Amino acid sequence: MQCEVKNKERAGVINPILTCQPCGAQYASIGIKECIGIVHGGQGCVMFVRLLFSQHFKESFELASSSLHEDGAVFGATHRVEEAVDVLLMRYPHVKVIPIISTCSTEVIGDDIDGVVLKLNNGLLKEKYAGREVHLIPIHSPSFKGSMVSGYDVAVKDIVSHFAKKDKPNGKINLITGWVNPGDVTAIKHLLSEMQVDATVLFEIESFDSPLMPDGNSVSYGNTTIADLTETADALGTIALNRYEGGQAAKYLENEFDIPTIIGPTPIGIRNTDIFLQNVKKMTGKPIPASLVRERGIALDALTDLTHMFFADKKVAIYGNADLVIGLAEFCLDLEMKPVLLLLGDDNTSYPNDPRIKALQEKVSFEMEVIMNADLWELENRIKNEGLELDLILGHSKGRFISIDYNIPMVRVGFPTYDRAGLYRHPVVGYAGATWLGEEMANTLFTDMEYKKNKEWVLNVW
Amino acid sequence: MPYHKFKCSECIPEREKHAVIKGPGEDLTSALPLGYLNTIPGSISERGCAYCGAKHVIGTPMKDVIHMSHGPVGCTYDTWQTKRYISDNDNFQLKYTYATDMKEKHIIFGAEKLLKQNIIEAFKAFPTIKRMTLYQTCASALIGDDINAIAAEVMEEMPEVDIFVCNSPGFGGPSQSGGHHKINIAWINQKVGNVEPKITSDYVINYVGEYNIQGDQEVMVDYFRRMGIQVLSTFTGNGSYDDLRSMHRAHLNVLECARSAEYICNELKVRYGTPRLDIDGFGFEALGTSLRKVGLFFGIEDRAQAIIDEETARWKPEMDWYKERLQGKKVCLWPGGSKLWHWAHAIREDMGVNVVSVYTKFGHQGDMEKGIARCEEGALAIDDPNELEALEALEMLKPDIIFTGKRPGEVAKKLRVPYLNAHAYHNGPYKGFEGWVRFARDIYNAIYSPIHQLSFVDISKDEIPDQTSFLTQKMISDVNLSEEVTASKELREYTGNYDTITPLRNKTYPDFPAEKKLSAV
């Protein structure tokens, strides 16, 4: 077998690829309208996550903290959650949804956030906020389990299961995007609209790319509404684009409400987008229209200009969220490239059973490594000490110094990408994403050829 | 000095005494905002945690060290690559961060074995680095891992390495300030006095509370070297671990950020009798006075004066070019802690701007005392501000610019208030004479940005100006200036380079032969 799937051997982490669960839960929280999450833990768990979001999107998002201090850590701090909910509701009259997000500290001390929610529902909300619609949703996201990816997955599931309620069929599909950018949501919505499919998009985060308006507006937030979430139980089907980011919510809807469900593939690249459209077609009975045949043709036309001449046999390393990494690897293979190293940034034990990874193991004929529970040192050490030669790196900004120090061109993709302007606006999914990714990779290689004077004259006659 | 009540905070009476407006003729005895108290949950405060105060603010700028956090991966990841504390060893401390990656089983069974394995692995991965700092997090504090014992065990087994332990979990105190205190005390308790330095000058200082944001430390150290002063260590920006172990041998502790690092200076005074001299690297006047004070201490005022004269002659005409154009502009000075008093007076003096508000996220009452004293009448001072209060203040004050952090800066942007990054700077360094001009240049460019002007136009309602297809900052700023100013031959715009730090690293300095017999006293 040429493709080896294994765990990182070291115990610790040198330069992590992913952060911890509460960040993922917070990312889900900001996708909902009239919602401010409360993170139950130390203040850094919120302050730095808000900073991270603002680094990536160049926007500010609202998230609150229960501000756990020493006394709370010793004597229990559920009263701080009660106070936080009250303060938040008093000062933000529009807020209707409050996810209560746990962290390592409050899970270790055993604070019962489910109990607090029950208490608040029967007490404070009835007494002081009677007549106001308020949803408190406990989300258990201890930092010592999983990663931001599983935190997102858990939060999406908890939020969906809180609201989903069967009424009459709404004829829509649920489209669970996973951890994507506004540009991806735009691309997916475009494909669905071309197919005349009505969808509930979870989460509706196109608005994260918010404008600077003449009347001034202060915050960015997602646009998924309580009605959207409630209606998920009435859909004619659910498509979750990512297995590990939203897959649990899709399965919940399937088990609870018998909603036909398709999970994956992540529609990165032409082939996966084709499959996605076919899934939509199967689910809705709507045909794939000529307009998308044409769009696909434009993407294929663009990529054909690049593949054999520039991409063939280029060695690529990819790191980040598992669904993204796998999707990118599959696309690279279609582009004649060699994704020789895939780094999955957390320890999800189901990765080896992922059919996409199994397929790589069965069918890839060059030397390829898939490292689970990986950190960025797995990449750097191979380059620095083990002679790994790469033509391209695909990953987020936290790995930027590997590209800089070892002079390897890198395309920023995933989350976060704070060291490049406006990437959240560009899709990696759909035909538009395939074109953008292909051209971005090509242009990055071209700049590198010129910078290193490595056959830069080739481009004279291209 | 009446307390200022925010409308948005009427429902939380605990906030009543956290903001004041400085009234006419009032002094500090009438009222000071409360400070450094526990945060009100759910208020959307901007505070961080004690872990970040220790690890992120003070620990990590140390340059030749493996900085490892004992806990789940998030604390490490989240505080990594969010600051601009550079170093002259290719930014090792910016590039690498380490987490022991504590998982559920470790929470249950303990993670000391995991910690030890991590330490050994990290030294193996970076064989040339022999120094390490270990930071406790909420999780490792709560399960009670004995980090000090593991560090001691490893040091015994690997005599070539040295490890510092900082026990400052995130929940330890109202804000990051708790962590500043803890790491100060931990460092002097564990490490100071362990290394004997080579003394090469009659005048030896520690430079304390300086984090080399965009090269601030290197600018200041350049001045000290030009005065023939040996900078034994910097606590901690661009600082070396072993140099900081020899802090006890300095003749003077020159303290910059008193909020984050006065503790170690005070302890050095108590334990080693080393005096503390508070200085200020920001602002022509303040920096000049600071260099003179250091000169005076050693009896080398002439050397300080020579630098002040040279630098002032070089940069003052550029400073004044901006001052003419920034007169009366309203500023919200909303940094983290000490910059509210480092900057309040200096920006008014040197740039002519009017500080209409100061706030502090993690400062104490003492910081407010200094900050308010340096503000003009009418200034609004806020302790531990929260999102809604900040918005209300911006609506009320309508400042021309705000100096704050990256994320609050995004909020200000949407209100069409330009922001400069008070923590990481836009185009720093801001310390030093040239740095201060760079700051003025950044302020000027932000306020007179042609794009910023466009954000006030509503194309659906307003008349769209069509006389010109472009504007420059100067076309906007010079409209109401006198001919005397605009045609001045003396004043000029900033003429420095993008990178002012790299050239300093290869600089040679005049030889000031030591007069006393030198020894490690």
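Since this is a predicted model, take the numbers as computed values, not measurements.

1. A closer look at the overall build of chain B
(1) Moving on: Of the regular secondary structure elements, chain B holds 22 helices and 14 strands.
(2) Moving on: When the backbone C-alpha atoms are referred to their principal axes, chain B occupies close to 75 × 60 × 50 Å.
(3) Moving on: Counting every position in chain B, which comprises 521 residues, the buried fraction comes to 63%.
(4) Moving on: Counting only contacts in chain B whose residues sit at least 6 apart along the sequence, the fraction spanning at least 24 positions is 75%.
(5) Moving on: Within the structure as shown, chain B displays about 19400 Å² of accessible surface, and the carbon and sulfur contribution to it stands at 51%.

2. Regarding the overall build of chain A
(1) Moving on: When its secondary structure is counted, chain A shows 19 helices and 15 strands.
(2) Moving on: Against the globule reference of 23 Å for 462 residues, chain A gives a C-alpha radius of gyration of 23 Å, in line with a compact fold.
(3) Moving on: The buried share among the 462 residues of chain A stands at 63%.
(4) Moving on: Within chain A, contacts between residues at least 6 apart in sequence are counted, and of these 75% link residues at least 24 apart.
(5) Moving on: Total accessible area on chain A stands at roughly 16600 Å², and carbon and sulfur atoms take up 49% of it.
(6) Moving on: Separation of charge centres in chain A, based on 44 positive and 61 negative side chains, amounts to 1 Å.

3. Quick look at the interface of chain A and chain B
(1) Moving on: Residue-level contacts link 79 residues of chain A with 74 residues of chain B.
(2) Moving on: The contact between chain A and chain B buries some 6200 Å² in all, and 61% of this surface belongs to carbon and sulfur atoms.
(3) Moving on: Together, F48, R91 and F144 of chain A form the three largest contributors to the area buried by chain A at its contact with chain B, with a combined 12%.
(4) Moving on: Inspection of the region where chain A meets chain B yields 5 salt bridges.
(5) Moving on: Of the charged contacts, one joins E387 of chain B and R50 of chain A as a salt bridge, the two residues approaching to 3.3 Å between their closest N and O atoms.
(6) Moving on: Along the contact surface separating chain A from chain B lie 33 residue pairs in polar contact (both at pLDDT 80 or more).

4. Quick notes on the packing of helix 2 (residues 44–57) of chain A against helix 17 (residues 406–414) of chain B
(1) Moving on: For the pair helix 2 of chain A and helix 17 of chain B, interaxial distance at closest approach is 8 Å and the crossing angle is 55°. Taken together, the axes of helix 2 of chain A and helix 17 of chain B lie oblique to each other. Considering how the two elements wind past one another, helix 2 of chain A and helix 17 of chain B form a crossing that is left-handed. Across from R50, L51, S54 and Q55 of chain A in helix 2 of chain A, the residues of helix 17 of chain B making contact are K406, R407 and E410 of chain B.
(2) Moving on: Class assignment for the residues of the contact of helix 2 of chain A with helix 17 of chain B results in 1 nonpolar, 2 polar and 4 charged.

5. A look at the state of the cysteines
(1) Moving on: The tally for this structure, following the rule as stated, stands at 0 disulfides over all chains.
(2) Moving on: The thiol sulfur of C23 of chain A is not disulfide-bonded, and the nearest other cysteine sulfur, from C20 of chain A, lies at 7.1 Å.
(3) Moving on: Here C49 of chain B is not disulfide-linked; the sulfur of C52 of chain B is the nearest cysteine sulfur, at 4.5 Å.

6. Focus on the side chain of N174 of chain A
All names here are of chain A.
(1) Moving on: Mapped onto the elements, N174 comes out in strand 7 (residues 173–176).
(2) Moving on: Note on N174: relative accessible area 0%, which makes it buried.
(3) Moving on: A distance of 2.9 Å separates a polar side-chain atom of N174 from the backbone oxygen of T232.
(4) Moving on: Discounting residues that sit within four places of it in the chain, N174 has contacts with T200, T232, A235, G237, T238, I239, L253 and I259.

7. Details of the side chain of R441 of chain B
(1) Moving on: Residue position: R441 of chain B is located in helix 18 (residues 432–447).
(2) Moving on: In this view, R441 of chain B contacts Y322, N427 and Y494 of chain B; residues no more than four positions away in its chain are not counted.

8. What to know about the pairing of strand 13 (residues 401–404) of chain B
All names here are of chain B.
(1) Moving on: Residues I401 and F403 line one face of strand 13 and the alternating positions I402 and T404 line the opposite face, and both faces are buried.
(2) Moving on: Summarising the sheet, strand 10 (residues 330–333) and strand 13 pair through 3 bridges and their orientation is parallel. Its bridge partner being in strand 13, L333 is matched across the sheet by F403.
(3) Moving on: Relative to strand 14 (residues 419–421), strand 13 is paired through 3 bridges, and the arrangement is parallel. Paired with I402 across the bridge in strand 14 is Y419.
(4) Moving on: The parallel pair strand 13 and strand 14, bridged by helix 17, forms a crossover whose chirality is right-handed.

9. Notes on the nonpolar core
(1) Moving on: Ranked by internal contacts, the top residues of the largest apolar core, which has 133 residues, are F203, F276, L379 and L394 of chain A.
(2) Moving on: Not counting chain neighbours up to four residues away, the residues in contact with L379 of chain A comprise A317, Y319, L341, L343, L388, L390, I393 and I402 of chain A.
(3) Moving on: Judged by nonpolar contacts, the second largest core, of 105 residues, contains V57, I307, M368 and I476 of chain B.

10. A closer look at the pattern of salt bridges
Any two side chains of opposite charge can pair, on the condition that their charged atoms come close.
Residue and element names in this part refer to chain B.
(1) Moving on: Tallied over the full model, the rule gives 67 salt bridges over all chains.
(2) Moving on: Here K116 and E153 are joined by a salt bridge, their closest N and O atoms 2.8 Å apart. Within this pair, whereas K116 is found in helix 5 (residues 112–125), its partner E153 is found in helix 7 (residues 147–157), the two being separated by 37 residues in sequence.
(3) Moving on: The exposure class of E153 is partly exposed, given its relative accessible area of 35%.
(4) Moving on: A salt bridge links D442 to R441, with the shortest nitrogen-to-oxygen separation between them at 3.4 Å.

11. Quick notes on the sheet that holds strand 4 (residues 63–65) of chain A
Residue and element names in this part refer to chain A.
(1) Moving on: Across the sheet, which stays open at both edges, the 4 strands sit in the order 4-3-5-6 with parallel pairing between neighbours. Only two strands of the sheet have a single partner each, and these edge strands are strand 4 and strand 6 (135–139). In this sheet, adjacent strand axes meet at a mean angle of 25° when their direction is disregarded.
(2) Moving on: Where strand 3 (residues 37–40) and strand 5 (residues 97–102) come together, 3 bridges link them in parallel fashion. Bridging across to strand 5, I38 finds its partner in I100.

12. Describing helix 14 (residues 339–351) of chain B
(1) Moving on: The buried fraction of helix 14 of chain B amounts to 10 of the 13 residues, a majority that puts the element mostly inside the structure.
(2) Moving on: G352 of chain B lies just past helix 14 of chain B and shows a positive phi near 75°.

13. Details of unusual backbone geometry
(1) Moving on: Residue T236 of chain B is bonded to the preceding F235 of chain B through a cis peptide linkage, with omega at 0°.
(2) Moving on: Tracing the backbone through its elements, the reader meets T236 of chain B in strand 7 (residues 230–236).
(3) Moving on: If you check the backbone angles, Q196 of chain A has positive phi at about 55° while not being a glycine.
(4) Moving on: Considering the arrangement of structural elements, one finds Q196 of chain A in the loop between helix 9 (182–194) and strand 8 (199–202).
(5) Moving on: The class of Q196 of chain A is exposed, set by a relative accessible area of 62%.
(6) Moving on: Positive phi outside glycine occurs at Q214 of chain B, with the angle close to 50°.
(7) Moving on: Within the secondary structure, Q214 of chain B is located in the loop between strand 6 (204–210) and helix 9 (216–226).

14. Regarding the packing of aromatic side chains
What characterises a pair of aromatic rings is the spacing of the ring centres plus the angle enclosed by the ring planes.
Residue and element names in this part refer to chain B.
(1) Moving on: Applying the stated criterion across every chain, the model contains 48 aromatic pairs over all chains.
(2) Moving on: An angle of 55° between the planes, with centres 6.4 Å apart, marks the rings of W343 and Y430 as tilted. Placement of the pair is W343 in helix 14 and Y430 in the loop between strand 14 and helix 18, with a sequence separation of 87 residues.
(3) Moving on: Judged by relative accessible area, which is 0%, W343 ranks as buried.

15. Details of the pairing of strand 14 (residues 392–395) of chain A
Residues and elements named next belong to chain A.
(1) Moving on: Because side chains alternate across strand 14, one face comprises the buried residues L392 and L394, and the other comprises I393 and G395, equally buried.
(2) Moving on: Relative to strand 14, strand 11 (residues 315–320) runs parallel, the two sharing 3 bridges. By the bridge assignment, I318 is partnered in strand 14 with L394.
(3) Moving on: Taking the sense of rotation as the criterion, the β-α-β connection linking strand 14, helix 18 (residues 400–405) and strand 15 (residues 410–412) turns out right-handed.

16. Describing the environment of M158 of chain B
Residue and element names in this part refer to chain B.
(1) Moving on: Here M158 shows up in the loop between helix 7 and strand 5 (162–166).
(2) Moving on: A C-alpha to C-alpha distance of 33 Å links M158 and H251, two positions 93 residues apart in sequence.
(3) Moving on: Those residues within four positions of M158 in sequence are excluded, and the remaining contacts are I120 and F123.

17. Some remarks on the confidence of the model for chain B
(1) Moving on: This prediction gives chain B a mean pLDDT of 95; 98% of its residues lie at or above 70.
(2) Moving on: Interface scoring of the predicted complex returns ipTM 0.96; its pTM is 0.97.

What counts as what
- Every chain is numbered independently, its residues counted from 1 as its sequence is written.
- Each chain takes a letter, starting from A, and each ligand takes a number, starting from 1, following the order in which they are written.
- With the structure being a predicted model, the display of local features is reserved for residues of pLDDT at least 70 and the display and counting of side-chain atom pairs for 80 or more, all residues being used for whole-chain, interface and lining totals.
- The side-chain figures draw on all heavy atoms in the structure; neither hydrogens nor water molecules are used.
- Helix numbering and strand numbering both begin at the N terminus, where a helix is a DSSP run of H or I of at least 4 residues and a strand a DSSP run of E of at least 2.
- For each residue, the accessible area found with a 1.4 Å probe, counting protein chains only, is set against the maximum for its type, and the residue is called buried under 20%, exposed over 50%, and partly exposed in between.
- Only heavy atoms enter the contact rule, under which two residues are in contact if any of them lie within 4.5 Å.
- Method for areas: the Shrake-Rupley scheme with a 1.4 Å probe, in which residue coverage is limited to the protein chains shown.
- Radius of gyration means the value over C-alpha atoms here, while the globule rule gives 2.2 Å times the residue count to the 0.38 power.
- Charged-residue counts in this description rest on Lys and Arg as positive and Asp and Glu as negative, His and the chain ends being excluded.
- Just so you know, the charge point we use is NZ for Lys, CZ for Arg, CG for Asp and CD for Glu.
- The term buried area denotes the loss of accessible surface (1.4 Å probe radius) that occurs when two parts are joined, taken as the sum for both partners.
- In what follows, salt bridge is the name for a side-chain nitrogen of Lys or Arg lying within 4 Å of a carboxyl oxygen of Asp or Glu.
- Counting of polar contacts relies on pairs of N or O atoms within 3.5 Å, with two restrictions inside protein: one atom must be capable of donating a hydrogen and the other of accepting it, and residues adjacent in sequence are counted only when both atoms are side-chain atoms.
- Here an axis means a line fitted to C-alpha atoms, over the contact stretch when the element is a helix, while the angle between two N-to-C directions is reported on a 0 to 180 degree scale.
- Angle categories are assigned with fixed cut-offs, so that under 35 degrees is roughly parallel, over 145 is roughly antiparallel, 65 to 115 is roughly perpendicular, and the rest are oblique.
- Each crossing is labelled by how the near helix is turned from the far one, with a counterclockwise turn of less than a right angle marking it left-handed and a clockwise turn marking it right-handed.
- Three classes are used: nonpolar for Ala, Val, Leu, Ile, Met, Phe, Trp, Tyr, Cys and Pro, charged for Asp, Glu, Lys and Arg, and polar for all others, with Gly counted as polar.
- By definition, disulfides here are pairs of cysteine sulfur atoms that lie within 2.5 Å.
- Each pair of strands is called paired provided DSSP finds at least two bridges between the two strands.
- Here the term right-handed applies to a crossover when the path leading from its first strand over the helix to its second strand runs clockwise, the strands being oriented away from the viewer.
- To form a nonpolar core, buried Ala, Val, Leu, Ile, Met, Phe, Trp, Tyr and Cys residues must be joined to one another through side-chain atoms within 4.5 Å.
- Centres within 6.5 Å are what make two rings of Phe, Tyr or Trp a pair, Trp counting through its six-membered ring; a difference in plane orientation under 30 degrees is then read as stacked, over 60 as edge-to-face, and the rest as tilted.
- Scored from 0 to 100, pLDDT records how confident the predictor is in each individual residue.

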